[in-house]
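Read off the chains here:
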Amino acid sequence: MRRYLRVLVLCLGCGFCSLLYALNQLAVSLEEEETGGGGKLKAAAASWLTVSGHVDGKGARSVGPKDHPGWSNRYRLMKTQSSETMHLAVVACGERLEETVTMIKSAVIFSIQPLQFHIFAEDQLQHSFKNILNGWKFLQTFNYTIYPITFPTENAAEWKKLFKPCASQRLFLPLILKEVDSLLYVDTDILFLRPVDDIWSLLKKFNSTQIAAMAPEHEEPRIGWYNRFARHPYYGKTGINSGVMLMNMTRMRRKYFKNDMTTAHLQWGEILMPLLKKYKLNITWGDQDLLNIMFFHNPESLFVFPCHWNYRPDHCIYGSNCQEAEEEGIFILHGNRGVYHDDKQPVFRAIYEALRNCSFEDDKVHSLLHPLELELQKTVHTYCGRIHKIFMKQLTKSIRDSYNRPTKER
């Protein structure tokens, strides 16, 4: 009998020890979950945060400065929160390397959510892009992929020479980037004075029929180009400018477009070449004209955003004619006509050079804002320079917001 009692006591002791061990493991597991140590969260973070900056076979690279003071906070945020990736595309040919890099820099400086850049570049530019972007160290995490310039084989030469070299590449983005749902396309001469997040949020304002968003070509019909000179259909009263184009590409790929070539509605990939064949002798601005024709016949598919999302010299060289910019400041600056590189519009050139030369590690208030304000005061002899405050309003707000934002969101 005593032997059985001893065995029973021994079994109870072992069971009690096992229970203590199980409780201890449970406590450790709960603690790991509270501190963001879950395996799924780690995997999610790893998809965007590559400390080593590894470049994959397609040229894609994730960058993030592990040695930057704010790095640990950003890494912790990405482990515990899922962030929507914003996709941005640009096409660079010829002498557009510096402009494109400056545009990318302006996007990265201010944006909050992760950015995925899709860079379409001629072969001779691709190595330079990789060298520059791989050498950057910043707080903001981004990813990029470089693609060759690609047109349909049978008509490649005709598409490539349309308007400016490679400009019509943007028309084929929905067909090339088939896995991308939504995309912001911008010309190389774009500068972001607000976070990309702001214009990206406009996607949520699309109604059920809208597939893309652009700004009017002109605000003032008396100086408009399309309403005075166009020999083809165009959208609205003054046409649209495609230098900043926000797209829901899933909808674009699915839509059947009304047109004036056939009674049948055609999909995006089917309509481009027939449009070019019909109108190629009547268009001046290439792919932008083709987009105007398409949305003339399908106006319900376009979301029109105000001019301060695509602010160009035309909005001020004859006097200010962008009311939204006068009230809120400029959100996105578009330096077309080469104004970043000549002295015709010095206010545009001053902002471009300030962003081109700034360092990511600098104090933006003292190294960028204060010198730029002094430089812009020298431009008041021009119409655009007289309203230089609207150029500074959102830029100043973006920089101050970046400092006032909680550290974990920077």
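In this numbering scheme, every chain counts its residues from 1 along its sequence in written order. Residue-level local features of this predicted model are given only where pLDDT is at least 70; pairs of side-chain atoms are given and counted only at 80 or more, and the full residue set underlies all totals for whole chains, interfaces and linings. Side-chain measures were taken over the full set of non-hydrogen atoms in the model, leaving aside hydrogen atoms and water.

Going by the annotation in an unreviewed UniProt entry, the name recorded for the protein is Glucoside xylosyltransferase 1, with Vombatus ursinus given as the source organism. UniProt positions are given in the numbering used here, feature names are shortened, and annotations may be inferred rather than shown by experiment. Here the protein is described in UniProt, under the heading Catalytic activity (unreviewed entry), as follows: "3-O-(beta-D-glucosyl)-L-seryl-[EGF-like domain protein] + UDP-alpha-D-xylose = 3-O-[alpha-D-xylosyl-(1->3)-beta-D-glucosyl]-L-seryl-[EGF-like domain protein] + UDP + H(+)".

What counts as a ring pair is set by centres within 6.5 Å for rings of Phe, Tyr and Trp (its six-membered ring), and what kind of pair is set by the plane angle: stacked under 30 degrees, edge-to-face over 60, tilted for all other angles. Here the structure, examined in full by the defined rule, presents 16 aromatic pairs. Judged by centre distance (4.6 Å) and plane angle (10°), the rings of Phe120 and Tyr147 are stacked. One end of the pair, Phe120, is in strand 3 (residues 115–121); the other, Tyr147, is in strand 4 (residues 142–147), with 27 residues separating them in the sequence. One exposure class covers both Phe120 and Tyr147, and it is buried. A network of ring pairs unites the aromatic residues Trp225, Tyr226, Phe229, Tyr234 and Trp285 as a single cluster. Note that Lys255 overlies the ring of Phe257, its terminal NZ or CZ placed 5.5 Å from the centroid. The ring of Tyr383 is capped by Arg386, whose NZ or CZ atom sits 4.8 Å from the centre of that ring. For the purposes of this entry, the term helix denotes a DSSP run of H or I that reaches at least four residues, the term strand denotes a run of E that reaches at least two, and both are numbered from the N terminus. Burial classification: accessible surface area is computed with a 1.4 Å probe over protein chains only, and a residue below 20% of its type maximum counts as buried, one above 50% as exposed, and the rest as partly exposed. Only when the NZ atom of a Lys or the CZ atom of an Arg is both within 6 Å of the ring centre and within 35 degrees of the ring normal do we say a charge sits over the ring.

We now examine the state of the cysteines. In this description, a disulfide is simply a cysteine sulfur pair whose atoms lie within 2.5 Å. Enumeration over the complete set of coordinates arrives at three disulfides. A sulfur-sulfur distance of 2.0 Å marks the disulfide that ties Cys93 to Cys166. Across the S-S bond of Cys93 and Cys166 the torsion is about -100°, and the bridge reads as left-handed. Of the two residues, Cys93 is situated in the loop between strand 2 (86–92) and helix 4 (97–110) and Cys166 in the loop between helix 6 (156–160) and helix 7 (173–176); the sequence distance between them amounts to 73 residues. A relative accessible area of 7% means that Cys93 is categorised as buried.

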